[in-house]
Amino acid sequence: VNYASLAYIVQGRQLKEIAHKKIYKKKWSSFNAYCSNDVGITSSRAVQLMAASRVAITLIEAGHNKLPQNPSQAFALSKLCGDDLVDAWEKLLEVYHLHELTTAKIKSFLWPPTSNQIKSMVSQIPVNPESLEQLTKLAFKLKVSINDCISLLLQNYKYYLQLSLVLLKLNFAT
């Protein structure tokens, strides 16, 4: 049961061998036809599985026993090769426990959005009603929009954090 999610490694390896050795030619004219008819997947999905398998095998060869838990996670790493791949995986495991990793976390960790991409994003952040009420009241008092209020809070959090640390140190000194 623990290793069932790693079946993509074997499947990707087998597909790679079938494609590379053109074993599909015995029955089908193309790898695409083989994938569709015999495996029940698209050829692009087969390519993803092959890439995911390569990622996992590279990590195994580097001595890792903690591996991406599904082909989507492994495929998210497939733009990297060799030491770059191993280094990126190790950095991910320093930040996240294996069970916390998702494909989205891997992608955003490795390839964070550029400032231009961020500017074009529209997000909806879930906020509990109490926090939203406090934020709304603060924005009203400051006579700014909620968005501008959040921007002000983010701009000033470092100052308040440093001030809090100084006050804590002073309190401990007395």
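In this text the structure is predicted, and so the values were computed from the model without any measurement. (Residues numbered from 1 in each chain as written. Predicted model: local features only at pLDDT ≥ 70, side-chain atom pairs only at ≥ 80, totals over all residues. Heavy atoms only, no water.)

Going through the model one piece at a time under the given rule, you end up with three aromatic pairs. When the ring of Tyr-24 is compared with that of Phe-31, the centres are 5.7 Å apart and the planes differ by 65°; the resulting orientation is edge-to-face. The exposure classification of Tyr-24 matches that of Phe-31, with both residues buried. Of the aromatic side chains, those joined through ring pairs into one cluster are Tyr-24, Phe-31 and Tyr-34. Sitting over the ring of Trp-111, Lys-79 keeps its end group 5.2 Å from the ring centre. (Phe/Tyr/Trp six-rings, centres within 6.5 Å; stacked < 30°, edge-to-face > 60°. Buried < 20%, exposed > 50% of the residue type's maximum accessible area, 1.4 Å probe, protein only. Lys NZ or Arg CZ within 6 Å of the ring centre and 35° of its normal.)

So, about the packing of helix H3 (residues 43-61) against helix H5 (residues 82-95). Where H3 meets H5, the axes come as close as 10 Å, and the angle between the chain directions of the two elements is 80°. Taken together, the axes of H3 and H5 lie roughly perpendicular to each other. Where H3 abuts H5, its residues Arg-54, Val-55, Thr-58 and Leu-59 lie against Gly-82, Leu-85, Val-86 and Trp-89. Of the residues belonging to the contact of H3 with H5, the class tally is five nonpolar, two polar and one charged. (Axes fitted to C-alpha atoms, helices over the stretch in contact; angles between N-to-C directions. Helix = DSSP H or I, 4+ residues; strand = E, 2+ residues; numbered from the N terminus. Parallel < 35°, antiparallel > 145°, perpendicular 65-115°, else oblique. Contact = heavy atoms within 4.5 Å. Nonpolar A, V, L, I, M, F, W, Y, C, P; charged D, E, K, R; others polar.)

It is worth spelling out the nonpolar core at this point. Among the nonpolar cores identified, the biggest contains 31 residues, and Tyr-8, Leu-15, Phe-31 and Leu-77 are the most heavily contacted of them. Within the residue set of this core, elements represented by two or more residues are helix H1 (7-20), helix H2 (31-39), H3, helix H4 (71-76), H5 and helix H6 (103-110). Looking at which element gives the most residues to this core, the answer is H3, with seven residues. Setting aside residues up to four positions removed in sequence, Tyr-8 forms contacts with Leu-49, Ala-52, Ser-53, Ala-56, Pro-68, Gln-69, Asn-70, Pro-71 and Ala-74. (Core = buried A, V, L, I, M, F, W, Y, C linked by side-chain atoms within 4.5 Å.)

Turning our attention to the side chain of His-64. By the element assignment, His-64 lies in the loop between H3 and H4. Judged by its relative accessible area of 17%, His-64 falls in the buried class. Contacts of His-64, omitting those with residues within four sequence positions, involve Leu-59, Val-86, Trp-89, Glu-90 and Leu-93.

Now for the pattern of salt bridges. Considering all chains together, one arrives at three salt bridges under this definition. Between Lys-21 and Glu-17 there is a salt bridge, with the nearest N and O atoms lying 3.2 Å from each other. In this structure, the salt-bridge partner of Lys-137 is Glu-133, at a minimum N-O distance of 3.2 Å. Residue Lys-137 and its partner Glu-133 are located together in helix H8 (residues 129-142), separated by four residues, close to a single helical turn. (Salt bridge = Lys/Arg side-chain N within 4 Å of Asp/Glu carboxyl O.)

On to the environment of Leu-153. Mapped onto the elements, Leu-153 comes out in helix H9 (residues 146-173). Judged by relative accessible area, which is 44%, Leu-153 ranks as partly exposed. Once residues within four sequence positions are removed from consideration, Leu-153 is found in contact with Leu-135 and Leu-138.

Positionally, Thr-58 belongs in helix H3. A polar contact of 2.8 Å, which involves the side chain of Thr-58, links it to the backbone oxygen of Arg-54. Every residue in contact with Thr-58, bar those within four places of it in the chain, is listed here: Gly-82, Leu-85 and Val-86. (Polar contact = N/O pair within 3.5 Å; in protein donor to acceptor, adjacent residues only side chain to side chain.)

Negative charge collects at one region of the surface, where Asp-83, Asp-84, Asp-87, Glu-90 and Glu-94 lie side by side. Checked against the element boundaries, Asp-84 lands in helix H5. (Patch = residues over 30% accessible without salt bridge, like charges linked within 9 Å, V, L, I, M, F, W, Y side chains within 5 Å. Areas by Shrake-Rupley, 256 points an atom, 1.4 Å probe, with all protein chains shown as cover. Lys, Arg positive; Asp, Glu negative; His and termini not counted. Charge placed at Lys NZ, Arg CZ, Asp CG, Glu CD.)

Time to look at the packing of H1 against H3. When two helices pack together, you describe them by how their axes are tilted relative to each other and by the distance separating the axes. For the pair H1 and H3, interaxial distance at closest approach is 7 Å and the crossing angle is 115°. Where H1 crosses over H3, the two elements pack in a sense that is left-handed. Along the contact surface, H1 presents Tyr-8, Ile-9, Gln-11, Gly-12, Arg-13, Leu-15, Lys-16 and Ala-19, while H3 presents Ala-46, Leu-49, Met-50, Ala-52, Ser-53, Ala-56, Ile-57 and Ile-60. Residue composition of the contact of H1 with H3, grouped by class: eleven nonpolar, three polar and two charged. (Left-handed = near helix turned anticlockwise from the far one by under 90°.)

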